[in-house]
Amino acid sequence: MTIEADPGFTALVERQSRFVFRVVYAVLLNSSDAEDAVQETFLKLYRNHGWRQEENEPAFLARVAWRTAVDLRRRLSRSTESDASLAIDQMPSLQPSPEQALTSANENAAVHALIDSLAEELRVPLVLSAMEELNSRQIGEILGIPEGTVRTRLQRARQILREKLASLMETRYA
Amino acid sequence: MPERDKIDQLIDSALDGYAEPRAGLEQWMLARMATDASRSSRRGWLLMAIAVPVFGALMLMIYLAPRAPHAQPPSQIASTSRGPSTTPSAEHSVGRLVTEPAPHVVQSSGSSHPIRHRDQDVDGHTNNPVTRPKENIFPRPQPMTAEEQAMTRFAAEASESDRKALIEAQRRVDEPLNISAISIVPLPSLEDKQN
């Protein structure tokens, strides 16, 4: 049976693509790589029939997606290490910095840039916590860390964002 | 703290819109996966198209390859090497001896020497058995050659003394030749001659 001919799987992709995209984006910070990771996640689920798991679907999907994204990032970093285009990383980013975004009144973009600048161990729990389907216990299961650690990291991430945003706003309105 | 509340609201609203994929991601993803799946399926068929004939050819080669003779229990070897058997399988045993490698000495279990198997030589090393094609029809006796016919006639017609003389002549032919050691005496030198 092909993918299109499987209505259950098609419905799953339509229902959870955005959710999976957000999980993998939090790891990869790149839309193109995140799309590759989404595809890889669903293909993996389709091949091993894991998508038929009905119990706690969001947590299960998030776990598979997170592992797929981590694997993909490892592969990508291995291939770029030997790539001559490594110098591109040293070029100035085309995305606006938090300061630029804030001055252009695009506050959301400024916070997004600040989230991207967080360490991964803080960023991923923060992004997962913003998804209504997941609580601290489930995030801990997905990332393989205790629930208490998840809460500590969430508090720490929010604290950093608050401090940086306050600093930016002071600069802006000074 | 109104400032802090405002910042928290800002963070929450930004998190809600964080990592928004492009519009139509679901359909695009389905189409992409279908393409990849059909490509990998085609690759799978190609692999099968190569693997199946190769496997078939290997199986055919294994089936058609000459088979090594089966191991024979020592007791059966003993019965075949002691001479003609009186059992109903005597003809069968003789027939097997023809296709087997060089015969080996096998002693009874009461002997102090161990039984040497047919695929071992004197030193106990294992020989590779010579594989010979198995004949489907037992070979029929061939007509006697001219020499054999002459020998048969001689055995039937010759007298006792003639037969003994023939055996004696054959024995002399088969006896090893004894050649005495050659000793060469050195020639005397000229000085010895003069003295």
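Preceding block: the structure.
Chains are numbered independently. Their residues run from 1 in the order of the written sequence. Numbering of ligands from 1 and lettering of chains from A proceed in the order in which they are written. Two thresholds apply to this predicted model, a pLDDT of at least 70 for residue-level local features and 80 or more for giving and counting side-chain atom pairs, whereas whole-chain, interface and lining totals are computed over all residues.

A closer look at the overall build of chain B
Here a strand is any run of E in DSSP of at least two residues, a helix any run of H or I of at least four, and the numbering for each starts at the N terminus. Of the regular secondary structure elements, chain B holds seven helices and zero strands. Ordered by position from N to C terminus, the α and β elements of chain B give α-α-α-α-α-α-α. The exposure scheme places C-beta atoms from the backbone and then counts, for each residue, the other C-beta atoms within 10 Å of its own, assigning buried at 20 or more, exposed at 12 or fewer, and partly exposed in between. The burial tally for chain B puts 6% of its 195 residues in the buried class. Contacts in chain B between residues far apart in sequence, at least 24 positions, make up 45% of those at least 6 positions apart. Contact criterion: two residues are in contact if their C-beta atoms, reconstructed from the backbone, are within 7 Å.

Observations regarding the environment of I145(A)
As for its placement among the helices and strands, I145(A) is situated in the loop between α7 (136–143) and α8 (147–173). Contacts of I145(A), omitting those with residues within four sequence positions, involve G140(A) and V150(A).

Thoughts on the packing of helix α1 (residues 7–28) of chain A against helix α6 (residues 120–129) of chain A
Residue and element names in this part refer to chain A. Lines fitted to the C-alpha atoms define the axes, with helices restricted to the stretch that makes contact. Angles between their N-to-C directions range from 0 to 180 degrees. With their axes 9 Å apart at the nearest point, α1 and α6 run at an angle of 165 degrees to one another. With respect to each other, α1 and α6 are oriented roughly antiparallel. Our pair here, α1 against α6, has a crossing hand that is right-handed. From α1, R22, V23, A26 and V27 reach across to α6, where they touch E120, R123, V124, V127 and L128. A breakdown of the residues in the contact of α1 with α6 according to their chemical character gives six nonpolar, no polar and three charged. Note on terminology: angles under 35 degrees are roughly parallel, angles over 145 are roughly antiparallel, angles of 65 to 115 are roughly perpendicular, and the others are oblique. Crossing handedness follows the turn of the near helix against the far one: under a right angle anticlockwise gives a left-handed crossing, and clockwise gives a right-handed one. Polar here means any residue outside two lists: the nonpolar Ala, Val, Leu, Ile, Met, Phe, Trp, Tyr, Cys and Pro, and the charged Asp, Glu, Lys and Arg; Gly therefore counts as polar.

Here we look at the interface of chain A and chain B
Taken together, the contacts link 28 residues of chain A with 21 residues of chain B. Put simply, the parts of the chain that give the side of chain A that touches chain B at least two residues each are α1, α2 (31–47), α5 (107–117) and α8 of chain A. It is α1(A) that contributes the most residues to the side of chain A that touches chain B, nine residues altogether. In terms of residue class, the side of chain A that touches chain B is made up of 15 nonpolar, six polar and seven charged.

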